[in-house]
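The chain contents come next:
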Amino acid sequence: MYIYPKEYDVIVIGAGHAGCEAALAASRMGCETLIITMNLDSIALMSCNPAIGGIAKGHLVREIDALGGEMAKCIDKTGIQFRVLNTSKGPAVQAYRAQADKQLYRLEMKSTLEKEERLNIKQGIVERILVENGEAVGVETNTEISYKSKAVILTTGTFLKGLIHIGLINFSAGRAGEFPSEKLSDNLRELGFEMGRLKTGTPPRLDAKTIDFSRLIEQRGDAEPRPFSYSTEKITQKQIPCYLTYTNEETHKIIKENMDRSPLYCGAIKGVGPRYCPSIEDKVKRFPEKDRHQVFLEPEGYDTKEYYANGVSTSLPIDVQVKFLRTIKGLENVEIMRPGYAIEYDFVPPAQLLPTLETKLIKNLYHAGQINGTSGYEEAAAQGLTAGINASLSTQGKEPLIINRSEAYIGVLIDDLVTKGTQEPYRMFTSRAEYRLILRQDNADLRLRERGYKAGLVKEEEFVKFVEKRDGIKSEIDRLGKTVLKPSEDVNDKLKEVGTNTINEPLTLLELLRRPEIKYDDLLKLQPSVFSLQPYGVREQVEIQVKYEGYINRELLNIERFKRLEEKGIPQEVNFKNIPGLSNEAKEKLSKVRPISIGQASRISGVTPSAISILMIYLEQLKRNKLKTQSLKVF
């Protein structure tokens, strides 16, 4: 065994979206960091859909950026189509989405990692976590190299005992064309971790030369693309369209006739698949009343003919894939460049983690991404960033960063995982957040930028720019409240011009902006010289904060109540099995999760409100007994 001469602060295993964010965060926070990946050419590879963002996922990307992560910057440089989703709805559910050039995204992120001073990148297959006295102290590779460190972050994606299925054929792989990680999964079991099995899938990639685009519905991006990152001034690269088509009854007939050859329905796949991103055979089976399903054809880049067939994820045999695809309008002569497939893989149920993403079993060992049972690049990146920050803070002897549910979707994601666990691939939705009116994608910087700056991830110039924006919002709202419109013929003519009622008595601009039909930009016609000076970020925030002030204030009151429960900590030495009055189920669930607060305990499935009351009384008694003991000692 060769012991590598350099000792690291943090070692990251895996260089997918979680691994990249974890390694960048650790190195930027001053830690000597090593990232080990099976293939240097697969860093930040988009294994599935070459896109970033979407409903709730876009919120996560904006939060990653606000904290100082890299994903938003990378997609801004490599996106080939940008869209804001749900523009007809309220700001809480609007979200950014961008199609990426798959290879440019990978190369851009790889280049970013390579330029980072304190970050070393090595190709290798990690087979063991080195543990001493219950603490992770390094890793060991298949080439018998031992790397020592103060903390280890596992971001293994779908590689733990990965098994690919295409029809009734299956073979071991981490993803198509890459080795699986066999021994590391065994090592985690040996260390005492409970393991589970999940499944995900991907659609076929199609040859654009064999697609009749004239028969498809063109889907263009926004005329003025909005960047994901708060640091990006403007998207300047060329935008290209996607295309829409539909399956039909003939498509569904072929799929139904071949269900016996689907590994999903013949028992070959044991892992649990994603409920919210089902395969086409799953859709046909579960929704027999639907005579068609959408298929989005999305380009994988500027200089490739590969198109991603979003909507027809499948593990059916290749001959069946060809047959059903050729029943779809525009795909009558299509050729498959890469077949769709399903992949099963091991994961570590996340109730075995602390809210920092450190494992409860082994100190200084962190898990992030699909190893925790999540799906999606954005969920993985958010966890990677959190793990990287907390591993760094731990090695530096500092307090951890815990983002709660009322602060960010990142907080919702991690709290759901460590408190409730998951039995299927977890995907973020806006409906999972209780305070989504506050947790909008437009205000992620106002919520999290300062925390990213204090952690050392947000650069000084970026933070100064943010402070200017934050101060500008406040001063503009104050100005609107003090600026009075007096009724006059000229003023009322302008009000009619913007489509609102005239006034008979003085009215502040703030009151005018509260009218549903009035937009901030409408105020330009009343005071063009003043309003034209405000940058877009300030204008956007002023309008939202003024229009939704009542709702936001109510939500803030709810958050204050939430925080009071979160602040009621539970000492880690408490033995829940010894608390009288708790049901056996409550004792079992509390002992397994070991919540750090009353708030977290209240969100555990099976822990009832009456159990929370008993727990609070017990903790109060503990507190009194402790104070009594201390007073006796003083006496």
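In short, a report on the structure. (Residues numbered from 1 in each chain as written. Predicted model: local features only at pLDDT ≥ 70, side-chain atom pairs only at ≥ 80, totals over all residues. Heavy atoms only, no water.)

**Concerning helix H12 (residues 460-482)**
In step 1: Helix length check: H12 (23 residues) gives 33 Å between terminal C-alpha atoms against 33 Å at 1.5 Å per residue, within 8%.
In step 2: Buried within H12 we find Glu462, Phe463, Phe466, Lys469, Gly472, Ile473, Glu476 and Leu480. (Helix = DSSP H or I, 4+ residues; strand = E, 2+ residues; numbered from the N terminus. Expected span 1.5 Å × (residues − 1). Buried < 20%, exposed > 50% of the residue type's maximum accessible area, 1.4 Å probe, protein only.)

**Overview of the sheet that holds strand S16 (residues 242-246)**
In step 1: As summarised here, the arrangement of the six strands in space is S15-S16-S17-S18-S14-S19, forming an open sheet in which the pairing is antiparallel. Across the chains shown, the open sheet's two edge strands, defined by having one partner strand only, are strand S15 (217-219) and strand S19 (336-338). With strand direction ignored, the average angle separating the axes of adjacent strands in the sheet is 35°.
In step 2: Here strand S14 (residues 205-207) pairs with S19 via two bridges, running antiparallel. (Pairing = 2+ DSSP bridges. Axes fitted to C-alpha atoms, helices over the stretch in contact; angles between N-to-C directions.)

**Observations regarding the environment of alanine 44**
In step 1: Mapped onto the secondary structure, alanine 44 falls in the loop between strand S3 (33-37) and strand S4 (51-53).
In step 2: Given a relative accessible area of 1%, alanine 44 falls into the buried group.
In step 3: Residues alanine 44 and leucine 107 lie 63 residues apart in sequence; the distance between their C-alpha atoms is 8.2 Å.
In step 4: Beyond its immediate stretch of four places on either side in the chain, alanine 44 contacts Ala15, Gly16, His17, Cys20, Tyr105, Arg106 and Met109. (Contact = heavy atoms within 4.5 Å.)

**Looking at a positive patch on the surface**
In step 1: A surface patch of positive charge is lined by Arg561, Arg564, Lys568 and Lys623.
In step 2: Examined against the element boundaries, arginine 561 turns out to sit in helix H17 (residues 549-566).
In step 3: A relative accessible area of 46% places arginine 561 in the partly exposed class. (Patch = residues over 30% accessible without salt bridge, like charges linked within 9 Å, V, L, I, M, F, W, Y side chains within 5 Å. Areas by Shrake-Rupley, 256 points an atom, 1.4 Å probe, with all protein chains shown as cover. Salt bridge = Lys/Arg side-chain N within 4 Å of Asp/Glu carboxyl O. Lys, Arg positive; Asp, Glu negative; His and termini not counted. Charge placed at Lys NZ, Arg CZ, Asp CG, Glu CD.)

**Digging into the sheet that holds S4**
Sheet strands associate in pairs through backbone hydrogen bonding, adopting either a parallel or an antiparallel arrangement.
In step 1: The antiparallel open sheet is built from three strands, whose spatial order is S4-S6-S5. In this open sheet, the two strands that pair with only one neighbour each are S4 and strand S5 (79-85). Across the sheet, the mean angle separating the axes of adjacent strands is 15° when strand polarity is ignored.
In step 2: Where S5 and strand S6 (residues 95-100) come together, six bridges link them in antiparallel fashion. Residue pairing across strands places glutamine 81 opposite glutamine 99, the latter belonging to S6.
In step 3: Docked against the sheet, helix H3 (residues 71-78) engages S4, S5 and S6, running at close to 115° with respect to S5.

**Digging into the packing of helix H9 (residues 377-395) against helix H10 (residues 409-420)**
In step 1: Taken N-terminus to C-terminus, the directions of H9 and H10 make an angle of 85°; their axes are 10 Å apart at the nearest point. Considering their axes alone, H9 and H10 lie roughly perpendicular with respect to each other. Residue-level inspection shows Glu379, Ala382, Gln383 and Thr386 of H9 in contact with H10, the latter providing Ile410, Leu413, Ile414 and Leu417.
In step 2: Here the residues of the contact of H9 with H10 sort into five nonpolar, two polar and one charged. (Parallel < 35°, antiparallel > 145°, perpendicular 65-115°, else oblique. Nonpolar A, V, L, I, M, F, W, Y, C, P; charged D, E, K, R; others polar.)

**Some thoughts on the pairing of strand S17 (residues 294-299)**
In step 1: Pairing between S16 and S17: four bridges, direction antiparallel. The residue bridging tyrosine 246 from the neighbouring strand is glutamine 294, located in S17.
In step 2: Direction of pairing for S17 relative to strand S18 (residues 306-310): antiparallel, over a ladder of four bridges. When the sheet's bridge partners are listed, proline 299 is paired in S18 with tyrosine 307.

**A few points about the pattern of salt bridges**
In step 1: One pass over the full model with this rule turns up 46 salt bridges.
In step 2: One salt bridge in this structure joins lysine 77 and glutamate 108, with 3.2 Å as the shortest N-O distance. Placement of lysine 77 in helix H3 and of glutamate 108 in helix H4 (residues 102-115) is noted, with a sequence separation of 31 residues between them.
In step 3: Residue arginine 197 pairs with aspartate 346 through a salt bridge whose shortest N-O separation is 2.9 Å. Taken together, the positions of arginine 197 in strand S13 (residues 196-202) and aspartate 346 in strand S20 (residues 341-347) put the pair 149 residues apart, joining distant regions of the chain.
In step 4: The exposure class assigned to arginine 197 is partly exposed, which follows from its relative accessible area of 26%.
In step 5: We classify aspartate 346 as buried; its relative accessible area is 2%.
In step 6: Each member of the salt-bridge network shares a partner with another, and the members are Arg405, Asp415, Asp416, Lys420, Glu434, Glu566 and Arg603.

**Regarding the side chain of arginine 603**
In step 1: Tracing the chain through its elements places arginine 603 in the loop between helix H19 (598-602) and helix H20 (609-634).
In step 2: Among the polar contacts listed, one links the side chain of arginine 603 to the backbone oxygen of glycine 599, at a separation of 3.1 Å.
In step 3: The contact partners of arginine 603, leaving out residues within four places of it in the chain, are Arg405, Asp415, Thr419, Lys420, Phe562 and Glu566. (Polar contact = N/O pair within 3.5 Å; in protein donor to acceptor, adjacent residues only side chain to side chain.)

**Some words on the nonpolar core**
In step 1: Ile52, Tyr105, Phe228 and Ile410 are the most contacted members of the largest nonpolar core, which has 79 residues in total.
In step 2: Per-element accounting of this core gives the leading share, nine residues, to H9. (Core = buried A, V, L, I, M, F, W, Y, C linked by side-chain atoms within 4.5 Å.)

**Let's talk about the packing of aromatic side chains**
In step 1: Following the criterion strictly, the structure yields nine aromatic pairs and no others.
In step 2: When the centroid spacing of 5.7 Å and the interplanar angle of 80° are considered together, the rings of tyrosine 96 and phenylalanine 228 count as edge-to-face. With tyrosine 96 in strand S6 and phenylalanine 228 in the loop between S15 and S16, this residue pair connects regions lying 132 residues apart in the sequence. Like tyrosine 96, the residue phenylalanine 228 is buried in the burial classification.
In step 3: Judged by centre distance (5.3 Å) and plane angle (55°), the ring pair of phenylalanine 213 and tyrosine 307 falls under tilted. Of this pair, phenylalanine 213 sits in the loop between S14 and S15 while tyrosine 307 sits in strand S18, and the two are 94 residues apart along the sequence.
In step 4: Relative accessible area serves as the criterion here: at 24%, phenylalanine 213 is assigned to the partly exposed category.
In step 5: Here the aromatic cluster, defined as three or more aromatic residues joined through ring pairs, consists of Tyr2, Tyr4 and Tyr147.
In step 6: A cation over an aromatic ring shows up here: arginine 292 above the ring of tyrosine 246, its NZ or CZ 3.6 Å from the ring centre.
In step 7: Here the basic side chain of arginine 432 rests over the ring of tyrosine 426, its NZ or CZ set 4.1 Å away from the ring centre. (Phe/Tyr/Trp six-rings, centres within 6.5 Å; stacked < 30°, edge-to-face > 60°. Lys NZ or Arg CZ within 6 Å of the ring centre and 35° of its normal.)

**Considering the packing of helix H2 (residues 57-67) against H9**
In step 1: Axis separation between H2 and H9 bottoms out at 9 Å; the angle between their running directions is 25°. Our classification of the angle between H2 and H9 gives roughly parallel. The hand of the H2/H9 crossing is left-handed. Contacts between H2 and H9 pair Lys57, Leu60, Val61, Ile64 and Leu67 from the former with Glu378, Glu379, Ala381, Ala382 and Leu385 from the latter.
In step 2: For the contact of H2 with H9, the residue count by class is seven nonpolar, no polar and three charged. (Left-handed = near helix turned anticlockwise from the far one by under 90°.)

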